[in-house]
Amino acid sequence: QVHLVESGGGLVQAGSSLRLSCLASGDTITYVALGWFRQTPGKDREFVAAINYDSSDSAYADSLKGRLTISRDNNKNTMSLQMNGLKPEDTAVYFCAARRNNVAVGTDVDFYQYWGQGTQVTVSS
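A brief look at the structure comes next. All figures in this text were calculated on a predicted structure; none of them were measured in a lab. Positions within a chain are numbered from 1, following the residues in the order the chain's sequence is written. Residue-level local features of this predicted model are given only where pLDDT is at least 70; pairs of side-chain atoms are given and counted only at 80 or more, and the full residue set underlies all totals for whole chains, interfaces and linings. The side-chain figures draw on all heavy atoms in the structure; neither hydrogens nor water molecules are used.

## Here's the deal with the side chain of Asn 52
The secondary structure listing takes helices from DSSP runs of H or I that are at least 4 residues long and strands from runs of E that are at least 2 residues long, numbered from the N terminus. Examined against the element boundaries, Asn 52 turns out to sit in the loop between strand 5 (46-51) and strand 6 (58-60). The definition of a polar contact used here is a pair of N or O atoms within 3.5 Å, where within protein one atom must be able to donate a hydrogen and the other to accept one, and adjacent residues in sequence count solely through side-chain atom pairs. A polar atom in the side chain of Asn 52 sits 2.9 Å from the backbone nitrogen of Asp 57. Non-local contacts of Asn 52, meaning those with residues more than four positions away in its chain, are made with Asp 57, Arg 72, Val 103, Ala 104 and Val 105. Whether two residues are in contact is decided by their heavy atoms: any pair within 4.5 Å suffices.

Take a look at the structure:
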């Protein structure tokens, strides 16, 4: 079992940066695939970024490449998402996701077993 808690969301102006964090508790995240997704009202959850168990591989949504950096610290059971150059269309609830005992990078919602409650990011124009 992996329990996930996101933090770092907030209200920012366009062009600003935010750093989201995800703290995992329960099992160690050493062999856990991690990812970030986002969702706006009435739309499906959308892939943002993902990282594999030892940080040797990562993936980003094509529309967000160049503005994001995903990282993890297995010793601290944390994952982070640095977001730069935020745009109003980045406004969404951002979710942390995990899948145990998997060394791949997961970009699909169905790949993940555990989800956090989400943190709201609002970007004003």
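## Here we look at the packing of aromatic side chains
Each Phe, Tyr or Trp ring, with Trp reduced to its six-membered ring, pairs with another whose centre is within 6.5 Å; inter-plane angles below 30 degrees give stacked pairs, above 60 give edge-to-face pairs, and intermediate values give tilted ones. Under the counting rule described, the total for this entry stands at 6 aromatic pairs. Plain terms: the ring middles of Phe 111 and Tyr 112 are 4.9 Å apart, the flat faces sit at 80° to each other, and that makes the pair edge-to-face. Taken individually, Phe 111 and Tyr 112 each receive the classification buried, so the pair is uniform in this respect. Taken together through their ring pairs, the aromatic side chains of Phe 37, Phe 47, Phe 111, Tyr 112 and Trp 115 make up a single cluster. The rule for a charge over a ring is simple: NZ of Lys or CZ of Arg within 6 Å of the ring centre, and within 35 degrees of the ring normal. When the ring centre of Phe 95 is taken as origin, the NZ or CZ atom of Arg 45, which lies over that ring, is 3.7 Å away. In this arrangement the basic side chain of Arg 99 is found over the ring face of Phe 111, its NZ or CZ atom lying 4.9 Å from the centre. Think of it in three bands: residues with accessible area under 20% of the maximum for their type are buried, residues over 50% are exposed, and the middle band is partly exposed, with areas taken using a 1.4 Å probe on protein chains only.

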